Amino acid sequence: KTETTKIVMLYLTTLGTPEGDSSGGPNVEVGVEEVHESNEKLSIMERVLQSNPILEAFGNAKTLRNDNSSRFGKFIELGFNRAGILQGAKVQTYLLEKVRIGFHASGERNYHIFYQLLRGATEEQHVKYCFHDGLTGGLELANYFQLTGQGGAPTLREFTDEEGLKYTLKSMRSMGWSDGKIDMVLSIVAGILHLGQVKFESKMGEGGQEICQIADEKTVADAAKLLGVDVEKLTTALTVRIMVTRGDEIRIDLAPDKASDARDALAKTVYGALFLWVVKEVNNCIMWENDKDIRSSAGVLDIFGFESFAVNSFEQLCINFTNEALQQQFNKFIFKLEQEEYERENISWAFISFPDNQDCLDTIQSRPKGILTMLDDECKLGQRGSDRNWAQRLNETYLPERNQEVSDNTRYSATKMQQAKGIFCVRHFAGNVAYTAETSFLEKNRDEIPLTAKALFEEDSSDLIKEIYNVQVSASEDTSASSAKKSGPAKSKTVSQQFKAQLTSLIEMIETTDPHYIRCLKPNDAAKPKLMTRKRLTEQLRYGGVLEAVRVARMGYPVRMDHSGFFKRYRMLLPSVGEDRLPWSAEDQDPQQLSEKLLDIILEEGAKPTKYENDDGSISRANQIRKAQRQPEVMVFPKEDVQLGKSKIFMRKGPHDKLESHRVFHQNASVTLIQSWMRMMQQNRRFLIMEDAALTIQRWYRGCLGRARWWRLREAQAGQLLTNNFRMQLIRRKFNKLRAGTVLLQALYRGRTARKVIAATKIQSYYRMFTKSRAFRNLKSAIVSLQCSVRRGIAKKVFEQVKREAKDMGKVKEHNEKLKAEMASLKAMLQAQAANDAGKEKYEKAIKEKQAEIDKLESRIAQLETALAKEKENVKKLESHLASQKEGNRKLTSDLQYQKEKVAQTPMRRKHSSDAAKAEQLAEAVVIGATVSSEDLAQHHAEVARLEEALEEERKMSRAMRIQIKNLKSSMADKGVVDVTASTDFISDAVSEISGSEMDTSDIPDPSDVEQVRNLQFKTPEKNANAKDAISTAIDQAQGDLRDLKSTVSDYFPMIKRGFLGDEPAEEEAEVVAVGWKHDVASRRDREQALRDEVRVFERKAKKFYSLLEEGVDVTLWQLNQSAEVTLDGPGSEEFVVKSSSMSLKLHRRGELLVQTVLTFISTGGYLSKALGRRRDKAAHEPLPLNDILEVKAGCEGYDHAQLPSSSSKKGKSSKMKTENMQSGLFLTIKATPTPMASSRSYFLRFKSRSARNDMLMGLRGILADLQVHEGISISQIQSPAAVQHARRMPGSTHKNAQNPFLNQRPDVTVPLADVHDLINKERESYDRLLLTMLQGAADLKEKEDELLSFRDQLHRSMVESAEKDRTQANDSKLIMQLSKKLETLLMENEDLRDNNDRLNQRLVQVECEKLELMNGGKS
């Protein structure tokens, strides 16, 4: 309707524009025309058209069904002078929907001007109108403000709000508004927006009641500034209600909910007054100057249509009341037109009755019982009046009887349930509508300006606000003659009174004009093309009164045709009536008489039975077709239903339908007859064409048969010749094959005979060689056994000598005492140097002296290392000799045993008996050896063990001293000053040096027991003393050399510090690049320092993994559960419990033990939740305890990573997932323990990078190693008594009462052995963890090797198959070449035979000729 109104306006204004005016014409388009940028005055037509954008911006809004719905009614009257030239226009509006200011449904919008200002304002206007984008929290301004964001602030489909603001401002300027006035109007619009942002807080008043207060004073200040009112009075208008009782003013503080209602009411009042002021300004611009110049006018009424919603209120009652009044006027107009036409054609119409809805109008507006009248009466009661009382009065008035639900005039109705809920129904022309009384009917009808608002607008306000307020007051005051006679101020009219007055004037104006109606229908609610909703169209036709108008028209004679048209259309219904009775053409005759005659004959023939046969029984082709068709209804109807007027024939629906059905019947018969003739002609033509084609094909086929017979005769002759040659070739080939087979058989026989002779010779030679070789091996093994026995005896003597030398503890103690003395003197000198720092020269001299002493100590240590190396070489030689002797004895024993058994099995061979006896005696001598008692040997071993413990303690102390010297040297080299109190580093390094496989923690004695071990007195029993001394001497010497070798292994490896004894430094050192043994260093100290830094960096990285995993790592998870149960599908089933889910993997500690630690899977949000910072910490999957993890492997173990399923069905997303799954280096597999529901569980994790996967792999394996080390069974050889009592706790946690024994700076305090055990336990844990990691790495390496071998086997098989295929292909090609050569040979021989045949024929002809010549010569 809005767009149609603009089109009609364009049409009328174009017609009213003078011909010489170039501003009008068809080039002007509604809604898109450009205004003049110059200051020239626009034409009347342009000003009228430019008023539409302003009214649409302030009065139109988006609804669910329409993007540009007009939310008010308007009547535009165009005035024309005597010459038909447009002089001006006048706009009158009806019932603006002010409820939309405070509330609108979801998907709808408020009025366009709000969104145009918010989205199209410039940066300068943002500052001016206090639109602060930074305070919206990221929301758009249209969604941030309360008055515009309730429905989601959707955009429009046809145009943007930015373009709408530009066009509205251009229209305002074209109407003559100054920039200052436009700015003030936009400021009021912005002030209404800020007014809707005012929030209220609750507080307790003086009387204990709940009252409100402003939550944000700045918002009220901004609203007051933009509206041009006082801030304090605006605050009062929002929070206080003023009542005047008997001249006294009562102020009542409002509660928060009442204050919100007052805020919305104030906003609606301001906007309603602004809209009336805009309409007034538009009228001032487009209104004609002098009423005397107006001789005619054309009005365009764009009024709201019939409305019926789920909840209907005061607005719907007024709108439907308007439509009832307009429908009554429309019915009267239709009735008047029908009456005039019937009278003009002399048609009887007394029996026609038209509907009248005056009773519905009386129900709504009559006095004193009308609905609106009673509503005005209820409003006069003031505070005593209420919606519930008004509804009760309506029910008592229209439903006085008990249990009555419908009024006497059937227009008002209400069930008992509806009466209880305050609902009543009114039956309109378009249907029954239920109105809810308790939807503020009284408040909407009063539409009073509160006293606080009056004080706000009348005092201390801007000029524009005062002007707007005056327009609102003048529109609401009662200016009737009766009220003017009364003294006192003018009373304000209610909305219903204003509306009825406007509607009455509108109806009076319409009745004085010639109305034309335009019915607008929307095909669908989605505003989509080529889509029509039948139900919506039917509703619009009913609500628009079109169906009612059609019903009125059908009560009379709806079908009207002129006489000539009636005769031409229905003459074909009488094909059997001849030309003499009723002519076929109406030329030169009176159409009215022919139509009357046609009607009489139709009624006469229709009364007769239908007969298609002729009198002789024959029937025409056309009648046959008519007879075969479905027969129409008989043409029998009252003649009064068809009346002949002066120029037209009037028919009712029944006769018209029967005539049309017979006309269609005869048309179908005629069409069928014509079609049959056309089909016959088409078939005849097709037959002739096919006949000619068949004859042509027959001729061609006979020629083909003749040529084929002639060709077969030629082929038979050639085939006979070829057969003869082929038979000859077969016989020749058979002969050649027999000859070749005979030669081959002879060669095979001769070769077999020769090979038998050669094989017999080889068997004889091999047998002779075997007998000789066996005798030689027996002799060699006996000699080697004898040599080994002798060498073993020599080695045992040497070993006992070395052992006795190693038991000499005096030398070791002497060395230790010297080292201690040197250490004490060195410490004293360093302390003296540190304390006496008087001069630089003295300090340098002392350093040189200390360096000299250190050099001496290093030289002595080098000598000791050289001696130790020699001892190690001797031990190695002794060990090799012992091993060779043992191996020889073993072989000799086995050989002798074999000879012994062989002799026992072959008693017939007498010549070897003496050798076997000697071998047996030799074996007994070698095996038995010296006889020693088991008790003496056990006692000797116990004494040796005690000696070894004492010697090992001395060596440990010696190593500790050497390490302390090295640390002092490094400290002097790096700092120049040594801190003698820092005694923790050398102990840590000493312990770390002797860790690993070099020592057992259980072998570390207490320092108090060292002296006891040194002073041990060994008591050797006298029994078998000589044998025991002989054995122990060699064993002690060899074991002493082995211990020396074992104890000095650490001298050849770097001293790596694996941990810290005290508290870790507060600031972490910078990471050092891993160098290992490949680093180019200048000295051993640099290498040790580099390796120590590398180990510390590795440990720091491993420690950080716990915190990194506790924060969470983003992965993509699949969980595969495999069941071992036998199902229909197979022996087991696989099920993906989780498919391609983005999760965060976190380590959650439920206690101090690692057994209580679990891996949790937390789902991560999408892109929007990440952008908004909404991370959900809700677990998306059941946690996985560390104790349930069996193994962690790289890659996708047990499943093809490319075949992993995806959770998304979208094509683009699934293809991207497959591409990522092709990278096997991003996957990690965790296998867990089985459950009752699954025999095995596998977790496949995909990371974003390979480095993240590798870090997770090493970290998880380290955690599992910690779990095994701390809370499992130790797998290494290193144990200690303290390890059994070690508390099970998380890695990195410490005991509450633990103290560091090395923090004591007194040099004379001895370190407790329990603390040393704790340090050794730490080293044992690190060693166990390293072992576990190496085992897993070895397993991965073996699996990769197996996979490589399988790939190599597949490649080999592929190569073999390829070679076999190549060989087969080569053989086939060779065979083809042989066959081609043979075929070529046969062809050549065939040619030769043919040439010979020709020559023989020629010779035969010559011979015959010669005979003839001879015969002729003889006769002559």
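A quick note: this is a predicted structure, and the numbers were derived from the prediction, not measured.

(A) Highlighting the overall build of the protein chain. When helices and strands are counted, the protein chain shows 40 helices and 22 strands. When each of the 1420 residues of the protein chain is scored for burial, the buried share is 37%. Counting only contacts in the protein chain whose residues sit at least 6 apart along the sequence, the fraction spanning at least 24 positions is 71%. With the model as given, the accessible surface of the protein chain reaches about 85,400 Å², and the carbon-plus-sulfur share is 54%.

(B) Fine view of unusual backbone geometry. Residue Pro368 is reached from Arg367 by a cis peptide bond, and omega for that bond is 0°. For Pro368, the location among the structural elements is in the loop between helix H13 (358-365) and helix H14 (371-380). Located in the positive-phi region is Cys130, a residue other than glycine, with phi close to 60°. Looking at where Cys130 falls in the secondary structure, it is placed in the loop between helix H5 (123-128) and helix H6 (141-144).

(C) Examining the environment of Val495 more closely. Of note, Val495 is situated in helix H21 (residues 495-511). Residues Val495 and Asn445 lie 50 residues apart in sequence; the distance between their C-alpha atoms is 4.9 Å. Among residues more than four places away in sequence, those in contact with Val495 are Leu95, Phe314, Lys444, Asn445 and Asp447.

(D) The arrangement of helix H2 (residues 44-59) in detail. Taking 1.5 Å as the rise per residue, H2 with 16 residues should run 22 Å; its terminal C-alpha atoms sit 23 Å apart, in good agreement. Of all the 16 residues making up H2, 15 are buried; the element is thus mostly covered by neighbouring parts of the structure.

(E) The arrangement of a nonpolar patch on the surface in detail. A cluster of nonpolar residues, Ile674, Trp677, Met678, Met680 and Met681, forms a patch on the protein surface that exposes about 560 Å² of accessible area. Along the chain, the position of Ile674 falls in helix H27 (residues 653-806). The exposed category is assigned to Ile674, whose relative accessible area is 55%.

(F) Seen up close, a negative patch on the surface. A contiguous patch of negative charge, built from Glu210, Asp257, Asp261 and Glu443, is present on the exposed surface. Within the secondary structure, Glu210 is located in strand S6 (residues 210-214). Accessibility expressed as a relative area gives 44% for Glu210, which makes it partly exposed.

(G) Focus on the packing of aromatic side chains. Tallied over the entire structure, the rule returns 26 aromatic pairs. Seen from their ring centres, Tyr557 and Phe650 are 6.4 Å apart, and the 70° between their planes marks the pair as edge-to-face. Of this pair, Tyr557 sits in the loop between helix H23 (546-554) and strand S13 (559-562) while Phe650 sits in strand S15 (residues 648-651), placing them 93 residues apart in sequence. Three or more aromatic residues link up through ring pairs in this structure, and these residues are Phe314, Trp390, Tyr398, Tyr412, Phe424, Tyr435 and Phe441. Looking at Arg109, its charged tip hangs above the ring of Tyr115, at a distance of 4.1 Å from the centre. Directly above the ring of Tyr557 sits Arg652, whose terminal nitrogen or CZ lies 5.9 Å from the centroid.

(H) Local environment of the packing of H14 against H21. H21 packs onto H14 with a crossing angle of 145° between their chain directions and a minimal axis gap of 9 Å. Judged by residue contacts, Leu372, Thr373 and Asp376 of H14 engage Ser496, Gln497 and Lys500 from H21. Residues of the contact of H14 with H21, tallied by class, amount to 1 nonpolar, 3 polar and 2 charged.

(I) Spotlight on the sheet that holds strand S9 (residues 296-302). An order of S4-S3-S9 is seen for the 3 strands of this open sheet, with the pairing classed as antiparallel. Single-partner strands in this sheet number two, and they are strand S4 (86-94) and S9. Direction aside, the axes of adjacent strands within the sheet are offset by 15° on average. With 8 bridges joining them, strand S3 (residues 73-80) and S4 adopt antiparallel strand pairing. Pairing of Ile76 across the sheet is with Val91, part of S4.

(J) Structural detail: the sheet that holds S15. The 3 strands lie next to each other as S13-S15-S14, forming an open sheet whose pairing is antiparallel. Two strands close off the open sheet at either side, each with one partner strand: S13 and strand S14 (642-644). On average, each strand axis in the sheet is tilted by 20° relative to the strand beside it, whichever way the strands run. The pairing of S13 with S15 spans 4 bridges and is classified as antiparallel. Pairing of Asp562 across the sheet is with Lys648, part of S15.

(K) Just the confidence of the model for the protein chain, in detail. Averaged over all residues, the pLDDT of the protein chain equals 76, while 71% of them reach at least 70. The low-confidence segment residues 1042-1078, where pLDDT is below 50, has 77 contacts with residues more than four positions distant or belonging to other chains. For residues 1279-1309, every residue scores under 50 in pLDDT, and the model assigns this stretch 49 contacts once sequence neighbours within four places are set aside.

(L) Inspection of the pairing of S3 at higher detail. Counting buried residues along S3, 8 of its 8 residues qualify, which places the element largely inside the surrounding structure. Because side chains alternate across S3, one face comprises the buried residues Gly73, Phe75, Glu77 and Gly79, and the other comprises Lys74, Ile76, Leu78 and Phe80, equally buried. Sheet analysis places S3 next to S9, joined by 7 bridges and oriented antiparallel. Bridge pairing links Glu77 to Gly299 in S9.

(M) The environment of Asn60, seen in detail. Along the chain, Asn60 turns up in strand S1 (residues 60-61). For Asn60, a relative accessible area of 2% translates into the label buried. Through-space distance from the C-alpha of Asn60 to that of His112 is 6.3 Å; in sequence the pair is 52 residues apart. Discounting chain neighbours no more than four positions away, the residues touching Asn60 are Thr2, Leu55, Asn68, Ser69, Ser70, Arg71, Phe72, Asn110, Tyr111 and His112.

(N) Representation of the side chain of Glu97 within the structure. For Glu97, the position within the fold is in the loop between S4 and helix H3 (99-102). Only 2.6 Å separates the side chain of Glu97 from the side chain of Arg71, close enough to count as a polar contact. Beyond its immediate chain neighbours, meaning those up to four positions away, Glu97 contacts Arg71 and Tyr111.

(O) Just the nonpolar core, in detail. Counting 87 residues, the largest nonpolar core has Phe58, Phe114 and Leu234 as the members making the most contacts within it. Per-element accounting of this core gives the leading share, 14 residues, to helix H11 (residues 256-286). Ignoring anything within four residues of it in the chain, the contact list for Phe114 reads Ile101, Thr148, Val189, Ile192, Leu193 and Tyr271. Counting 42 residues, the second-largest nonpolar core is a separate cluster that includes Phe304, Met374, Val426 and Ala437.

(P) Region of the structure containing the pattern of salt bridges. For the structure shown, the criterion picks out 40 salt bridges. We note a salt bridge from Arg119 to Asp161, for which the minimum N-O separation is 2.7 Å. Residue Arg119 is located in helix H4 (residues 112-120), and its partner Asp161 is located in helix H7 (residues 161-174); the two are separated by 42 residues in the primary sequence. Looking at Arg119, the relative accessible area reads 14%, which means it is buried.

(Q) Inspection of the pairing of strand S18 (residues 1157-1163) at higher detail. With respect to burial, S18 is a largely interior element, 7 of its 7 residues being buried. Burial of the side chains of S18 extends over both faces: Thr1157, Leu1159, Phe1161 and Ser1163 are buried on one face and Val1158, Thr1160 and Ile1162 on the other. Note: strand S17 (residues 1133-1149) against S18, 7 bridges, orientation antiparallel. Considered in S18, the bridge of Leu1147 is made with Leu1159.

(R) The arrangement of the side chain of Asn81 in detail. Along the chain, Asn81 falls in the loop between S3 and S4. Engagement of the side chain of Asn81 in a polar contact is seen with the backbone nitrogen of Ala83, the distance being 3.2 Å. Sequence-distant contacts of Asn81, defined by excluding residues within four places in its chain, comprise Gln87, Asp293, Arg295 and Ser296.

Cut-off values and rules
Residues numbered from 1 in each chain as written. Predicted model: local features only at pLDDT ≥ 70, side-chain atom pairs only at ≥ 80, totals over all residues. Heavy atoms only, no water. Helix = DSSP H or I, 4+ residues; strand = E, 2+ residues; numbered from the N terminus. Buried < 20%, exposed > 50% of the residue type's maximum accessible area, 1.4 Å probe, protein only. Contact = heavy atoms within 4.5 Å. Areas by Shrake-Rupley, 256 points an atom, 1.4 Å probe, with all protein chains shown as cover. Expected span 1.5 Å × (residues − 1). Patch = residues over 30% accessible without salt bridge, like charges linked within 9 Å, V, L, I, M, F, W, Y side chains within 5 Å. Salt bridge = Lys/Arg side-chain N within 4 Å of Asp/Glu carboxyl O. Lys, Arg positive; Asp, Glu negative; His and termini not counted. Charge placed at Lys NZ, Arg CZ, Asp CG, Glu CD. Phe/Tyr/Trp six-rings, centres within 6.5 Å; stacked < 30°, edge-to-face > 60°. Lys NZ or Arg CZ within 6 Å of the ring centre and 35° of its normal. Axes fitted to C-alpha atoms, helices over the stretch in contact; angles between N-to-C directions. Nonpolar A, V, L, I, M, F, W, Y, C, P; charged D, E, K, R; others polar. Pairing = 2+ DSSP bridges. pLDDT = per-residue confidence, 0-100. Polar contact = N/O pair within 3.5 Å; in protein donor to acceptor, adjacent residues only side chain to side chain. Core = buried A, V, L, I, M, F, W, Y, C linked by side-chain atoms within 4.5 Å.

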